[in-house]
Every structure is written in structure tokens, then in C-alpha cells.
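Each chain, written out:
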Amino acid sequence: MYSKEDLQELKLKAILYLQSKTGMYSGYQECSVIYRNKSSSYFNHIMKRGRRGGNGIMETYIKDNNGDPRCPINNRLDGLFFSCNMDFETGEPSKDSPFGERRLRIDAYEMLFLDDYRMYFSDFYCFNSNKRGHYVNIVVTTPGSEADDFCKQHLVAISRKKNPFIHCRQGSKTVRKSCGVRVEIFFTDDVNIKELLGEELATFEDCQCTGYSKPNGLPKNLNCPHCNLEESDDSDTESCSDSDDSNSVPSYQYSPQNSWSWR
């Protein structure tokens, strides 16, 4: 398992990777929603009333082995994954999903930045034979919770207002995420979908299920020189490309006044 020092080094590699990006993969794009793609049966069970249903509460469960096998939260922390990655051309989530044909959309600012949550960096990885680029996982916790205590001990805290992955500047309700990596949010509280729907902060929509996900997650590409702490000498290392993410330009382009110092 990675130590906090290891994770600090891995976070630095993620930042250096972002700094190397140019063109459409540099800078930030606005992120109005975070979303969770699952099967209709998954959400139907949650919304069902009574002892056999979830009564509108989406409960956390244990993190699988997806990503780096040495990630400290694997099989040790409960949470719910949300994506915040937007199509560069439309500024909306992709219509495709390998996780299911139903999507829950939640207002990103209300979900992540309105309350006094904390954020932690937990992983930076890519997959074998995957042309969708690199991923960064961010854990979101409630201060004083068991999950927060665990993360303070094992993960690297980041500022919600100033970090290179996803942030919302003070006095603003505009959430921005990096164009250079795919950012995944691991939310460690149960989510009351019924309440969010009633407050018009969440909606359901259909998406196209393409492919499938593995029950215990996908393993990290341990030969990638960008997201591993020790580079492999394997000459057959497969390069990880972002070239298939989109052929369009992001809604938020990099410019000198938008650059940050992450030291």
C-alpha cells in the first residue's frame, strides 16, 4: 500500500503530466454536473419504498481494486463514484457508458462545494490498451467522519479552491475540471436521491450502455512511464494516448491568466 509520501510523489507526477499537455488537453473546462451511470435495476431498487427498497437513499459500499493496486482506499473505504468528465464539444456528459443505461446527474457546485467537505488525492492511473487517457481519483469526505479520519491518515489533502484537478474559486459557483485527465469523484457519504430530486438539484436521464465493467475493477497499466513511481524497463510498454477523447476544442481554453502554480 502506498504511504502518504508515495501518494505525494504520485500527485506530483499527475501535475507534471498535466503541465505537459498542450492544445485541447491543457487548461480547464466548466463542469456543471457530476454524474453516476448504473443499470435501471440499480436505481429502481434505490428508489423503491419499503423494507425491500432503498427509500431513495443511495448507500456507499466498499471501493474495489480499480486503478493502482497499491491505492490506500482499495477494499478499505466505502463510497460512491461519480464522474465529472464532459464532452469537449457539447460541454455535457458523453451519451455512452460502460456502467449502465441510466444516469443520475447532480449539480456539481451543490454536491461538492456548498457544504464544508474535504478533498483528498487518492490515485493517478491509466489502463492497458485504453485510449481514453489518464484518470485522477479525488475522495470527498465530511469533516470529522470516519472516512475523513481515514483519509487524513492515508491520503494527501488538496484545497477545494485551488488544485489542478477540480476546483471552485472563492466567491464563484463555477466548477472547473482539468482537460488533461479524467477526474473521478469518490463520495464517502450516502446520497439522498429523493431529496435532491425534490430540490431540483438532480435529474435522471438515459444513456447508451457500451461494453461492460468488471466486478472488481480494471487493473492499472503498470508499465506506463507517466503514472507509476518506478518506470518499467519493458521495451513493449504501451503508450497511453488521449487522442481519442474528442476531436473538438474544450469550452475553457488555457491562457496565461488562467494558469496556476501548484507548488
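### Section: the overall build of the protein
Right, on to step 1. Broken down by element type, the protein carries five helices and 16 strands.
Right, on to step 2. Taking all 263 residues of the protein together, 49% fall into the buried category.
Right, on to step 3. Considering only residue pairs separated by 6 or more positions, the protein has 77% of its internal contacts joining residues 24 or more positions apart.
Right, on to step 4. With an accessible surface of roughly 13400 Å², the protein has 45% of that area assigned to carbon and sulfur atoms.

### Topic: helix α1 (residues 4-19)
Right, on to step 1. When the terminal C-alpha atoms of α1 are compared, their 22 Å separation across 16 residues agrees well with the 22 Å that a helix rising 1.5 Å per residue should span.
Right, on to step 2. Along α1, the residues classified as buried are L7, L10, K11, K13, A14, I15, Y17 and L18.
Right, on to step 3. Residues of α1 that are buried make contact with β8 (118-125), β9 (135-141), α4 (146-154), β10 (156-158) and β12 (176-178).

### Examining the nonpolar core
Across soluble globular proteins, nonpolar side chains have a tendency to be buried as a group.
Right, on to step 1. Membership of the largest hydrophobic core comes to 60 residues, with the highest contact counts inside it found for M58, F82, L112, F165, I166 and V191.
Right, on to step 2. Setting aside anything within four residues of it in sequence, one finds L112 in contact with I34, Y117, M119, V140, R160, I166, I185 and F187.

### Focus: the sheet that holds strand β1 (residues 28-30)
Right, on to step 1. The sheet built from three strands is open, its strands ordered β1-β12-β11 with antiparallel pairing. Strands with a single pairing partner mark the edges of an open sheet, and in this sheet they are β1 and β11 (166-167).
Right, on to step 2. Inspection of the sheet shows β1 paired to β12 by three bridges, in the antiparallel sense. Directly across from Q29, in β12, lies its bridge partner K177.

### Let's talk about the environment of P98
Right, on to step 1. By the element assignment, P98 lies in the loop between β6 (96-97) and β7 (102-107).
Right, on to step 2. What makes P98 partly exposed here is its relative accessible area of 25%.

### Side note on the pattern of salt bridges
Right, on to step 1. One pass over the full model with this rule turns up nine salt bridges.
Right, on to step 2. The residue R103 makes a salt bridge to E205 at a minimum N-O spacing of 3.1 Å. Placement of the pair is R103 in strand β7 and E205 in strand β15 (residues 202-206), with a sequence separation of 102 residues.
Right, on to step 3. Residue classification places R103 among the buried residues on the basis of a relative accessible area of 2%.
Right, on to step 4. Assessed through its relative accessible area of 24%, E205 is described here as partly exposed.
Right, on to step 5. Measuring nitrogen to oxygen at the nearest pair gives 2.5 Å for the salt bridge that ties D148 to R118. Taken together, the residues D148 in helix α4 and R118 in strand β8 connect sequence positions 30 residues apart.
Right, on to step 6. A single salt-bridge network, built from bridges that share partners, covers E92, R103, R105 and E205.

### Some details on the side chain of R103
Right, on to step 1. Only 2.7 Å separates the side chain of R103 from the side chain of N37, close enough to count as a polar contact.
Right, on to step 2. Discounting residues that sit within four places of it in the chain, R103 has contacts with Y35, R36, N37, P93, S94, K95, D96, T203, F204, E205 and C207.

### Here we look at the confidence of the model for the protein
Right, on to step 1. Averaged over every residue, the pLDDT of the protein is 86; residues scoring 70 or more account for 85%.
Right, on to step 2. Counting interchain partners and residues more than four positions distant, the pLDDT-below-50 stretch residues 231-239 has twelve contacts.
Right, on to step 3. Scored below 50 in pLDDT, residues 241-263 shows 62 contacts in the model against residues more than four places distant or in partner chains.

### So, α4
Right, on to step 1. All of the buried residues in α4 are A147, D148, F150, C151 and H154. Take α4 and look down its axis: the buried residues cluster within an arc of 160 degrees, on one side only. Away from its buried face, by an angle of more than 90 degrees, α4 presents the exposed residues E146 and Q153.
Right, on to step 2. Its buried side turned inward, α4 meets α1, β8 and β9.

### Looking at unusual backbone geometry
Right, on to step 1. A positive phi angle, close to 55 degrees, is found at N55, a residue other than glycine.
Right, on to step 2. Residue position: N55 is located in the loop between α2 (40-47) and β3 (57-58).
Right, on to step 3. Overall, N55 belongs to the partly exposed group, its relative accessible area being 41%.
Right, on to step 4. At E200, a position not held by glycine, the phi torsion is positive, near 60 degrees.
Right, on to step 5. With respect to the secondary-structure elements, E200 resides in the loop between α5 (193-198) and β15.

Cut-offs applied
- Residues numbered from 1 in each chain as written.
- Predicted model: local features only at pLDDT ≥ 70, side-chain atom pairs only at ≥ 80, totals over all residues.
- Heavy atoms only, no water.
- Helix = DSSP H or I, 4+ residues; strand = E, 2+ residues; numbered from the N terminus.
- Buried < 20%, exposed > 50% of the residue type's maximum accessible area, 1.4 Å probe, protein only.
- Contact = heavy atoms within 4.5 Å.
- Areas by Shrake-Rupley, 256 points an atom, 1.4 Å probe, with all protein chains shown as cover.
- Expected span 1.5 Å × (residues − 1).
- Core = buried A, V, L, I, M, F, W, Y, C linked by side-chain atoms within 4.5 Å.
- Pairing = 2+ DSSP bridges.
- Salt bridge = Lys/Arg side-chain N within 4 Å of Asp/Glu carboxyl O.
- Polar contact = N/O pair within 3.5 Å; in protein donor to acceptor, adjacent residues only side chain to side chain.
- pLDDT = per-residue confidence, 0-100.
- Arc of directions from axis to C-beta.

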